[in-house]
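# Coordinate analysis (summary)
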Amino acid sequence: MSQPAMINRYRWYELVGIYAGIFVFLTFILAPFVEGFLVSLKPLSRLFSSPYRFWPENGSFEAYRTMWVSVPGFARYIFNSFFISIIVTAVVLALVVPAAYAFARFKFRGSGALLAAFLAVNMFSGAVLLIPPLSADAQLRRAEHLFRHDRAGCRLPDPLRYLASAHLHDAHPA
């Protein structure tokens, strides 16, 4: 005897609760995007006005038109963003899909360690993973006067800065 579909296992009030939870979750996730869009409709003179109004009084798409007209090369920037995102997505899919298939289908030596490493890295957001190098970079910027030449504005190239940063970190761990 087959079991009923999973959605039919819930009573009407359980479904209401599930969909209410989904609605609340999506409200918190999408609210910043809605707010950003509504702020973009405000005229510049009303951007920091007090009292704050959620719905713009004189909202218009003038800021979008102005952006396309006044920013030189804006169309190229948009094209570059789409081009890079499409290429990166295609490359990632071309590499990740066969790897995921291999992890799911085949047993090979080291697969558990590789999968654990992959999951450990993905447990943290990209912003959290950027904290150590940015912190080291900030430390190096504070200590950069030790490495400067006599000419103003002469700085170490990035690879040397990161090597010096690693040395500072080894010498003075946080």
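With that out of the way, let us pick up helix α1 (residues 12-40). An ideal rise of 1.5 Å per residue puts 42 Å on 29 residues; α1 measures up with 40 Å between its terminal C-alpha atoms. The sharpest bend along α1 measures roughly 45° and falls at Leu 30, with the proline Pro 32 sitting one to four residues further on.

When the charged atoms of two side chains with opposite charge come close together, those side chains can pair. Scanning all chains against the criterion turns up 2 salt bridges. Put simply, Arg 53 and Glu 57 hold a salt bridge, and the shortest N to O gap is 2.6 Å. Here Arg 53 falls in the partly exposed class, since its relative accessible area comes to 40%. With a relative accessible area of 48%, Glu 57 lands in the partly exposed category. Across the pair Glu 62 and Arg 65 runs a salt bridge whose closest N-O atoms are separated by 2.9 Å. In this pair, Glu 62 and Arg 65 both sit in helix α2 (residues 62-70), 3 residues apart, roughly one turn of the helix.

Looking at the protein as a whole, its pLDDT mean stands at 80, while 77% of the residues score no less than 70. Of all the helices and strands in the protein, helix α7 (residues 158-171) carries the lowest mean pLDDT, 55, while α1 carries the highest, 94. Confidence drops under pLDDT 50 across residues 149-157; counting only partners more than four residues distant or on other chains, this segment forms 7 contacts.

What follows concerns the packing of aromatic side chains. Across all of its chains, the model carries 8 aromatic pairs by this definition. Ring centres 6.1 Å apart and planes at 50° place the aromatic pair Phe 37 and Phe 61 in the tilted group. Residue Phe 37 is located in helix α1, and its partner Phe 61 is located in the loop between α1 and α2; the two are separated by 24 residues in the primary sequence. Ring plane angle 80° and centroid distance 5.2 Å describe the contact between Phe 54 and Trp 55, whose orientation is recorded as edge-to-face. One aromatic cluster is present, built from ring pairs that chain together Phe 37, Phe 61 and Tyr 64.

Reading guide: rules and limits
- Residues numbered from 1 in each chain as written.
- Predicted model: local features only at pLDDT ≥ 70, side-chain atom pairs only at ≥ 80, totals over all residues.
- Heavy atoms only, no water.
- Helix = DSSP H or I, 4+ residues; strand = E, 2+ residues; numbered from the N terminus.
- Expected span 1.5 Å × (residues − 1).
- Bend = angle between axes of the 7 residues up to and from the residue.
- Salt bridge = Lys/Arg side-chain N within 4 Å of Asp/Glu carboxyl O.
- Buried < 20%, exposed > 50% of the residue type's maximum accessible area, 1.4 Å probe, protein only.
- pLDDT = per-residue confidence, 0-100.
- Contact = heavy atoms within 4.5 Å.
- Phe/Tyr/Trp six-rings, centres within 6.5 Å; stacked < 30°, edge-to-face > 60°.

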